[in-house]
Amino acid sequence: MAARRFFGGVHPAYNKDLADRLAIEAMPLPERLIVPFAQNLGAAPKPVVKKGDTVKKGQIIAEPQGFVSVPLHAPTSGAVQAIDVYPHPVGADMPAAVIVPDGKDEWASGLDVDRGGEGLDAEKIKAIIRDAGIVGMGGASFPTHVKLSPPKDKPIDVLVINGAECEPYLASDHRLMLEKAPQILEGASYLAQALGVKNVIVAIEKNKPDAIEAMRKESGARGCTVAPLDVVYPQGAERQLIYVLTGRVVPAGGLPMDVGVLVQNVGTAYAAREAVRRNRPLVERVVCVTGRGVAAPKNVLARVGTTFGDLIAFCGGRKPDAGKVIGGGPMMGVAQYSLDAPVTKGTSGIVVLQQGEVAQFVGDACIRCGRCVRGCPMRLNPSVLSIFAERLRFEDAGEHHVLDCIECGCCAYLCPSRRPMVHHFRRAKAEVRKIAAKAV
Ligand code: SF4
Ligand code: SF4
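Parameters at a glance
Residues numbered from 1 in each chain as written. Chains lettered and ligands numbered in written order. Predicted model: local features only at pLDDT ≥ 70, side-chain atom pairs only at ≥ 80, totals over all residues. Heavy atoms only, no water. Helix = DSSP H or I, 4+ residues; strand = E, 2+ residues; numbered from the N terminus. Buried < 20%, exposed > 50% of the residue type's maximum accessible area, 1.4 Å probe, protein only. Contact = heavy atoms within 4.5 Å. Lys, Arg positive; Asp, Glu negative; His and termini not counted. Charge placed at Lys NZ, Arg CZ, Asp CG, Glu CD. Pairing = 2+ DSSP bridges. Right-handed = clockwise from strand over helix to strand, strands pointing away. Near = heavy atom within 4 Å. 1 Å grid on protein atoms, 1.4 Å probe; cavity = no way out; pocket = protein on both sides within 12 Å on 5 of 7 lines; lining within 4 Å. Sits in = over half its atoms within 2 Å of the grid points. Nonpolar A, V, L, I, M, F, W, Y, C, P; charged D, E, K, R; others polar. Axes fitted to C-alpha atoms, helices over the stretch in contact; angles between N-to-C directions. Core = buried A, V, L, I, M, F, W, Y, C linked by side-chain atoms within 4.5 Å. Salt bridge = Lys/Arg side-chain N within 4 Å of Asp/Glu carboxyl O.

J.: An account of the overall build of the protein chain is requested, with residue identities and associated values reported.
T.: Secondary structure summary: the protein chain contains 13 helices and 17 strands in total. Expressed as lengths along the three principal axes of its C-alpha atoms, the size of the protein chain is roughly 60 × 50 × 50 Å. Looking at the protein chain as a whole, 55% of its 440 residues are labelled buried. Pairs at least 24 apart in sequence give 74% of the contacts found in the protein chain among residues at least 6 apart. Treating the 54 positive side-chain charges of the protein chain as one cloud and the 45 negative ones as another, the clouds have centres 3 Å apart.

See below:
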């Protein structure tokens, strides 16, 4: 299995060894948690608490708005100190609740109980996953119950549990697979039950041989196959992963369900297990805090709402020559303008670069070298697209399929002119979507 190779891609320096041998450490509760309401793709949930309220851990603090939305839960017990606008790791200020922990970390009634996972039908599993606020934890943050509910004419026959973790530096999925393999596979079995799927493939890049072994040891009992993958970025991107594992090609503008496949991150499978089996909503996650600019890299089990500043302090602080702080990995992540930005459900890592490592995207002119075209795994023409975006020709960018860009950053990585490609494409995609919405 997995002998196919997708078009394009790059081989960046992975730097995984800074953190991949470090066991997950639970971080003590910080003095305050900043919990943004917008943590899922789709509609942000609406706050149902106000300043001065007390909350229990796992209590709903924001209600979902429609089907493509999930509830948000208090990450610990304490008091709501404020509801205001705070930095968000996507790079903008957004509404959030500030919770001051009371130190008791007391669950709301009925949560955190072992209720077994047997005898649940597909609808019940999907409802539990929705009510637990679970979203894709590889970074996409798409509500998981929606992915588990494809239309009847798009039956799914393959579930891929994505442990590729191809993004440089990050090791949170790697550690989770090493330390929680039985739980991840139990979660995968609930996801498979919800879909009615028998074929479950756990995909892991070959630079994690210990994780491959750990997952293989447990996979037989769960009827899953483990597929070791070649190490090439972006191997873990959905379309590339699906092609490599199944030979199926997700059409332009289409979704994995168009070819009968659903992809879920290993962290999502683990969260599904915690929800179904232990009645625990999603209030914490593993965050890999790494890079040569942080004193003591760690894989941290952190509450949602823990600020990047508090997490970095827990890891010994920034070194004197620290450069940019990236939310996520260096290929797809977002450089942070404030360390008050908090961990969200989609935060897999924080990378603190050294000053010399900081990519200086200065926006020189394209010299038409063609490297980006050869490296784009979506077979786009990033050179032309970036010129359209720069000149605000968004309709042209749309006609040249900018919406198919997966924002992997391969083009920016290869570009000798250090053009800020992904920045251009994110903006162009937003503008193309606005144009399409106006046309309806
Ligand atoms: S154009 Fe988009 S998909 Fe292609 S390499 Fe650049 S970021 Fe990746
Ligand atoms: S890699 Fe950079 S300079 Fe070369 S064609 Fe692409 S955008 Fe232009």
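Still more ground to cover, so stick around.
J.: Lay out the pairing of strand β10 (residues 199–205) in plain terms, naming residues and giving numbers.
T.: Across the seven residues that make up β10, a large majority, six, are buried. As judged from the five bridges shared by strand β9 (residues 158–162) and β10, these two strands associate in the parallel manner. By the bridge assignment, V160 is partnered in β10 with I201. Taken together, the six bridges between β10 and strand β11 (residues 224–229) define a ladder with parallel strand orientation. For V202, the partnering residue across the bridge sits in β11 and is V226. You can see the chain leave β10, run along helix α5 (residues 209–222) and come back into β11, and the turn it takes is right-handed.

J.: Lay out the site of ligand 2 in plain terms, naming residues and giving numbers.
T.: Close to ligand 2 lie C366, I367, R368, C369, G370, C372, S383, C415, P416, S417, R419 and M421. Among the cavities detected, the one that contains ligand 2 is the second largest cavity. Here the shell around ligand 2 is built from residues that sort into seven nonpolar, three polar and two charged.

J.: I'd love a proper account of unusual backbone geometry, names of residues and values included.
T.: Of note, the amide linkage connecting Y233 to P234 takes the cis form, showing an omega dihedral of 0°. Locating P234 in the fold gives a position in the loop between β11 and α6 (238–246). A positive phi is found at L392, a non-glycine position, where the angle reads about 60°. Summarising the element assignment, L392 is placed in the loop between α10 (382–390) and α11 (394–399). Not every positive phi belongs to a glycine, and E407 is a case in point at roughly 60°. The topology assignment puts E407 in the loop between α11 and α12 (410–414).

J.: Before we move on, can you summarise the sheet that holds strand β4 (residues 54–55) with the specific residues and values?
T.: On the basis of which strands lie adjacent, the open sheet formed by four strands has the order β2-β8-β7-β4 and antiparallel pairing. One side of each edge strand has no neighbouring strand; the edge strands of this open sheet are β2 (33–36) and β4. Sheet analysis places β2 next to strand β8 (residues 92–101), joined by four bridges and oriented antiparallel. Across the sheet, V35 pairs through a bridge with A97, a residue of β8.

J.: Requested: an account of the site of ligand 1, with residues and values cited.
T.: The local shell around ligand 1 consists of C376, P377, M378, P382, C405, I406, E407, C408, G409, C410, C411 and F425. When atom positions are compared with the pocket grids, ligand 1 is found to occupy the largest cavity. For the shell around ligand 1, the class distribution of residues is 10 nonpolar, one polar and one charged.

J.: A description of the sheet that holds β9 should follow, citing residues and the corresponding values.
T.: Read from one edge to the other, the open sheet built from four strands follows the order β11-β10-β9-β12, with strand pairing classed as parallel. Among the strands making up the open sheet, the edge pair consists of β11 and β12 (261–265). Between one strand and the next, the sheet's axes are offset by a mean angle of 25°, whatever the strand orientation. Its contacts with the sheet place helix α7 (residues 266–278) against β9 and β12, and it is angled at close to 80° to β12.

J.: If you had to explain the nonpolar core to someone new, which residues and values would you point to?
T.: One finds L159, I161, I184, L191, V202, I204 and M215 to be the most contacted residues of the largest nonpolar core, which totals 41 residues. Put simply, the parts of the chain that give this core at least two residues each are α1 (122–131), β9, α3 (172–179), α4 (181–195), β10, α5, β11 and α7. Considering every element that reaches this core, the biggest residue donor is α4, with nine residues. In contact with I161, not counting residues within four places along its chain, are I184, A188, L191, V200, I201, V202, A203, Q264, V266 and A269.

J.: Mind laying out the pattern of salt bridges, listing which residues take part and the relevant values?
T.: Following the criterion strictly, the structure yields 29 salt bridges and no others. Measuring nitrogen to oxygen at the nearest pair gives 3.2 Å for the salt bridge that ties E123 to K126. Of this pair, E123 and K126 both sit in helix α1, three residues apart, roughly one helical turn. Between D131 and R130 there is a salt bridge; the shortest N-O distance is 3.0 Å. The exposure class assigned to D131 is partly exposed, which follows from its relative accessible area of 42%. The exposure class assigned to R130 is partly exposed, which follows from its relative accessible area of 33%. Each of K57, D105, D112, D114, E186, R273, E274, R277, R278, R280, E284 and R303 takes part in one network of salt bridges that share partners.

Nothing here speaks to function; it is all geometry.
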